[in-house]
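Descriptive structure summary
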Amino acid sequence: MTFLRVTGLSKSFGGVKAVDQVDFTVKAGHVFSIIGPNGAGKTTLFNLLTGLTMPDAGAIILDGEDVTGLPAHQLAARGVSRSFQNLQIFFNMTALENVMVGNHLHTTRRFLPCLFGSSSVRDSEARTRIFAEELMHYVGLGDYVDADASALPYGALKRLEIARALATRPRILMLDEPAAGLNPAETAEIDALIKRIAEDGITVLLVEHDMHLVWGVSDHIMVLNHGRVLAEGTAEEIRANPEVVEAYLGHRARER
Amino acid sequence: MNGTRLQRYGGLLLLALALALGPLFLQNGFHYNVAILAGLNAIVCIGLNLLIGYAGQISLGHAGFYALGAYASAILPDRFGFHPLGAMITGAVAVGLIAFAVARPILRLKGHYLAMATLGMGIIVSIVLDQEVDITGGPDGMPVGDLSAFGYVVSGNLAWYTLVAILLFITVWLALNLVHSPVGRALKAVHGSEIAAAAMGVDVFHYKVLVFVVSAIIASVAGSIFAHYSGFITPDEGSFIHSIELVTMVVLGGMASITGSIVGAVLLTVLPQMLADFHDYEMIVFGAILMSMMILMPKGLVPTLAGLFKGRRS
């Protein structure tokens with residue numbers, strides 16, 4: 001079953017076609033990876049899909065609904081969530097509060113009850129806190145529940161972003177280079193985490209340079225180059241594609 | 001009840017105690033005057049801190065909202081026969097609407113541009129108050145009638161002190177509720193990273209406008225109370241200098257700290273009174289405080305001291 005269908009999606013920045021007529025479909029429950037050289041348009045594509053950048057042309061159909069041009073917070077309400085390549089942690093809060101922000105749309109957040117500290121807000125806060133703690137344990141950050149976000153090491157922050165994104169209760173989770181800057185042991189944890197997220201029924205869109213991780217978790221891979229789709233297919237098909245090897249993989253095709 | 005809620009109610013209890021015991025230490029009219037002004041400044045600063053410290057948006061024009069509230073309480077009862085409470089509420093609603101109308105274009109700006117836009121807005125208010133001599137009395141100012149409600153007229157030091165103390169307590173209570181709710185967390189998220197906040201479902205623009213309007217309404221009500229208390233107001237209440245004083249109080253006391261706003265307001269209300277001989281240099285002192293805070297403890301007094309204390313314990 002198709003969960004996400006993208007057609008003719010385009011975005012230019014001052015004459016540079018960052019994303020150029022991109023078409024693809026993602027099946028529900030799949031881990032769909034997007035790879036390609038730096039500057040291929042992967043992050044721009046994520047920004048388009050999450051409403052942080054408005055497309056010039058094309059359509060984004062999410063579970064049958066046209067969501068093209070909706071702003072980020074409205075896409076979040078429709079089950080789209082993401083992590084960021086360059087960390088976008090709320091460093092002015094604790095780690096737990098970061099995750100609680102992710103649950104924003106599921107909290108009792110009307111202004112007057114919040115202002116008067118109504119019991120419905122207190123109950124909602126207690127539930128949110130428990131849910132956020134569970135998620136921190138889920139991503140392996142149980143030790144950092146009470147820590148300030150600024151006290152977390154880099155690898156933990158990457159996972160904090162994933163916990164925060166999961167707190168939105170997403171139907172599709174977009175991970176932008178979750179393993180960048182991590183050591184092999186930490187990457188293996190991310191690998192296991194992505195598989196668990198997919199098993200829980202969340203569709204995953206993954207942008208990643210660590211090919212070991214990509215080969216291991218992906219159901220389907222798309223290669224972007226100069227903003228265009230260069231190739232699409234399973235890991236075997238991508239590895240065997242001479243154009244992909246030429247443009248991006250090079251010696252990495254042999255890594256396993 | 002978890003730790004943070006216990007702390008919150010403990011803090012409120014301490015505040016109530018301090019406010020109740022205050023009169024024991026206030027020995028004359030001058031002391032009362034300083035305490036009442038400090039309380040009013042604290043109320044404005046708490047609102048302003050929601051905007052600056054929590055949501056990370058600057059305003060250099062909040063004295064304008066304060067002055068609009070003050071002039072509403074001066075003009076409406078005098079010219080149009082409003083009840084003082086009706087005038088206060090009308091002023092607050094009008095200021096809320098003005099803030100809403102101004103916020104929509106202004107809050108799309110960031111950083112220096114937002115500072116400039118709010119600065120301009122404040123200056124426009126003070127120019128209008130200065131120039132509309134027929135309505136506002138111009139630079140000479142205008143008298144304000146008594147604050148009365150239910151047949152009772154607020155007069156005398158203790159009555160005014162009690163009124164301001166109650167209002168301060170209510171403001172602190174409401175602000176604490178707000179910052180410990182999803183709304184407060186959303187404001188902090190907007191401060192931390194706008195794009196991450198948006199991606200988590202926080203309507204960034206909505207919360208910016210909301211907190212701007214709320215802080216403006218708080219300033220307006222405090223302005224109304226000040227007008228009745230003082231009995232005479234001038235366009236100076238809305239001056240750029242007053243806006244800077246308010247921001248300095250927030251920065252000195254501490255960003256994103258309700259306690260900090262009270263501390264900052266009290267310190268910077270009391271200090272100029274003690275240095276009355278240096279009145280001409282007041283703005284230089286404020287400027288120096290603002291600069292040294294930015295360099296030495298950018299988080300402000302209360303969060304920095306709290307951090308030191310926390311660090312020593314663990």
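Within each chain, residue numbers correspond to sequence positions counted from 1 in written order. Ligands are numbered from 1 and chains lettered from A, in the order in which they are written. Only residues with pLDDT of at least 70 are given local features in this predicted model, and only at 80 or more are side-chain atom pairs given and counted; all residues enter the totals for whole chains, interfaces and linings.

Under the scheme used here, helices are H or I runs from DSSP no shorter than 4 residues and strands are E runs no shorter than 2 residues, and both carry numbers assigned from the N terminus. Looking only at helices and strands, chain A features 10 helices and 10 strands. We compute the radius of gyration over the C-alpha atoms and compare it with the globule rule, which gives 2.2 Å times the number of residues raised to the power 0.38. In terms of overall size, chain A behaves like a compact globule, its C-alpha atoms giving a radius of gyration of 19 Å where 256 residues would be expected to give roughly 18 Å. A principal-axis box enclosing the C-alpha atoms of chain A has dimensions of 60 × 40 × 35 Å. Taken over 256 residues, chain A has a buried fraction of 47%. Once C-beta atoms are placed from the backbone, any two residues with those atoms within 7 Å are in contact. The contacts of chain A with a sequence gap of at least 6 include a subset with a gap of at least 24, amounting to 66%. Here the C-beta atoms are placed from the backbone, and a residue counts as buried if at least 20 other C-beta atoms lie within 10 Å of its own, exposed if 12 or fewer do, and partly exposed otherwise.

This next bit is on the sheet that holds strand β9 (residues 220–225) of chain A. Residues and elements named next belong to chain A. Here we have six strands laid out as an open sheet, ordered β6-β7-β8-β3-β9-β10, and mixed in their pairing. Two strands bound the open sheet, and with one partner strand each, they are β6 (80–82) and β10 (228–233). Direction aside, the axes of adjacent strands within the sheet are offset by 20° on average. For two strands to pair, DSSP has to find at least two bridges joining them. Sheet topology places β9 next to β10; five bridges connect them, and they run antiparallel. Residue pairing for β10: L224 is matched across the bridge by V229. Contacts between helix α1 (residues 42–49) and the sheet are confined to β3 (31–35), β6, β7 (172–176), β8 (203–207) and β9, with β7 contributing the most and set at about 150° to the helix. Axis definition: a line fit to C-alpha positions, over the contact stretch in the case of helices; interaxial angles, taken between N-to-C directions, run 0 to 180 degrees.

This part is about the domain arrangement of chain A. All names here are of chain A. The domain architecture assigned to chain A consists of domain 1 (1–79 + 171–256) and domain 2 (88–169). Segmentation into domains, and thus their bounds, comes from an automatic or database assignment. The distance between the C-alpha centroids of domain 1 and domain 2 comes to 26 Å. Listed as interface residues are 10 residues of domain 1 and, on the opposing side, nine residues of domain 2. The element that contributes the greatest number of residues to the side of domain 1 that touches domain 2 is helix α7 (residues 184–199), accounting for three residues. When residues are sorted by character, Ala, Val, Leu, Ile, Met, Phe, Trp, Tyr, Cys and Pro go into the nonpolar class, Asp, Glu, Lys and Arg into the charged class, and all the rest, Gly among them, into the polar class. The residue makeup of the side of domain 1 that touches domain 2, split by class, is seven nonpolar, one polar and two charged.

Glancing now at the packing of helix α4 (residues 84–106) of chain B against helix α10 (residues 204–230) of chain B. Residues and elements named next belong to chain B. Between α4 and α10, the shortest axis-to-axis distance is 8 Å and the interhelical angle comes to 150°. The crossing of α4 and α10 is right-handed. Contact residues: α4 offers P84, M88, G91, A92, V95, G96, A99, F100, A103 and R104, while α10 offers V209, F212, V213, A216, I217, S220, V221, S224 and H228. Partitioning the contact of α4 with α10 into residue classes produces 13 nonpolar, five polar and one charged. In this scheme, a crossing is called left-handed if the near helix is turned counterclockwise away from the far one by less than a right angle; it is called right-handed if the turn is clockwise.

Looking now at the interface of chain B and chain A. Listed by partner, the interface residues are 24 residues for chain B and 32 residues for chain A. Here the element with the most residues in the side of chain B that touches chain A is helix α8 (residues 182–192) of chain B; it accounts for eight residues. For the side of chain B that touches chain A, the class distribution of residues is 15 nonpolar, six polar and three charged.

Residues and elements named next belong to chain B. Running from amino to carboxyl end, helix α2 (residues 29–54) crosses helix α7 (residues 157–179) at an angle of 15°, the nearest separation of the two axes being 9 Å. Classed by the angle they form, the pair α2 and α7 counts as roughly parallel. The interaxial crossing formed by α2 with α7 has left-handed handedness. Facing G29, Y32, A35, I36, G39, L40, A42, I43, I46, L50 and Y54 of α2, the residues of α7 in contact are N157, W160, Y161, V164, A165, L167, L168, T171, V172, A175 and V179. Angle categories are assigned with fixed cut-offs, so that under 35 degrees is roughly parallel, over 145 is roughly antiparallel, 65 to 115 is roughly perpendicular, and the rest are oblique.

Turning next to helix α5 (residues 111–131) of chain B. Turn by turn, an α-helix covers 3.6 residues, leaving residues three or four places apart pointing in a common direction. All names here are of chain B. Every helix has an expected span of 1.5 Å times one less than the residues it contains. Counted at 1.5 Å a residue, the expected span for α5 with its 21 residues is 30 Å, and the 30 Å between its end C-alpha atoms agrees. Within the sequence span of α5, burial applies to A117, T118, M121, G122, V125, S126 and L129. The arc that holds the buried residues of α5, viewed along the axis, is 170°, so those residues lie on one side. Structural note: α5 exposes H112, Y113 and I127 on the side pointing more than 90 degrees away from its buried face. Against the buried residues of α5 lie α3 (62–80), α4, α6 (133–136) and α11 (240–253). Arc, as used here, means the arc of the directions from the helix axis to the C-beta atoms.

With that settled, the discussion passes to the sheet that holds strand β5 (residues 65–66) of chain A. Strand-to-strand pairing in sheets goes through backbone hydrogen bonds, with the strands running parallel or antiparallel. Residue and element names in this part refer to chain A. Judged by pairing direction, the sheet is antiparallel, and its four strands sit side by side in the order β2-β1-β4-β5 without closing on themselves. Every interior strand has two partners, whereas the edge strands, β2 (16–27) and β5, have only one. Across the sheet, α1 lies against β1 (2–13), β2 and β4 (57–62), angled at about 65° from β2, the strand it touches most.

A separate point is helix α6 (residues 154–166) of chain A. Residues and elements named next belong to chain A. In this model α6 runs 19 Å from its N-terminal to its C-terminal C-alpha over 13 residues, within 8% of the 18 Å that 1.5 Å per residue would give. With 11 of 13 residues buried, α6 lies mostly within the body of the structure. Of the positions making up α6, those classed as buried are A156, L157, K158, R159, L160, E161, I162, A163, R164, A165 and L166. Packed against the buried residues of α6 are β6, α3 (95–102), α5 (119–138), β7 and α7.

A few words on the environment of V67 of chain A. As for its placement among the helices and strands, V67 of chain A is situated in the loop between β5 and α2 (72–77). Judged by local crowding, V67 of chain A falls into the partly exposed class, with 17 C-beta atoms found within 10 Å.

Next up on the list: the confidence of the model for chain A. The pLDDT averaged across chain A works out to 92; a share of 98% of its residues lies at or above 70. No element of chain A has a lower mean pLDDT than helix α10 (residues 242–249) of chain A, at 81, and none a higher one than α3 of chain A, at 96. pLDDT gives the predictor's per-residue confidence on a scale running from 0 to 100.

We note that R169 of chain A has phi near 55°; this positive angle belongs to a residue other than glycine. Summarising the element assignment, R169 of chain A is placed in the loop between α6 and β7. For A256 of chain B, which is not glycine, the phi torsion reads 55° and is therefore positive. Within the fold, A256 of chain B resides in the loop between α11 and α12 (258–274).

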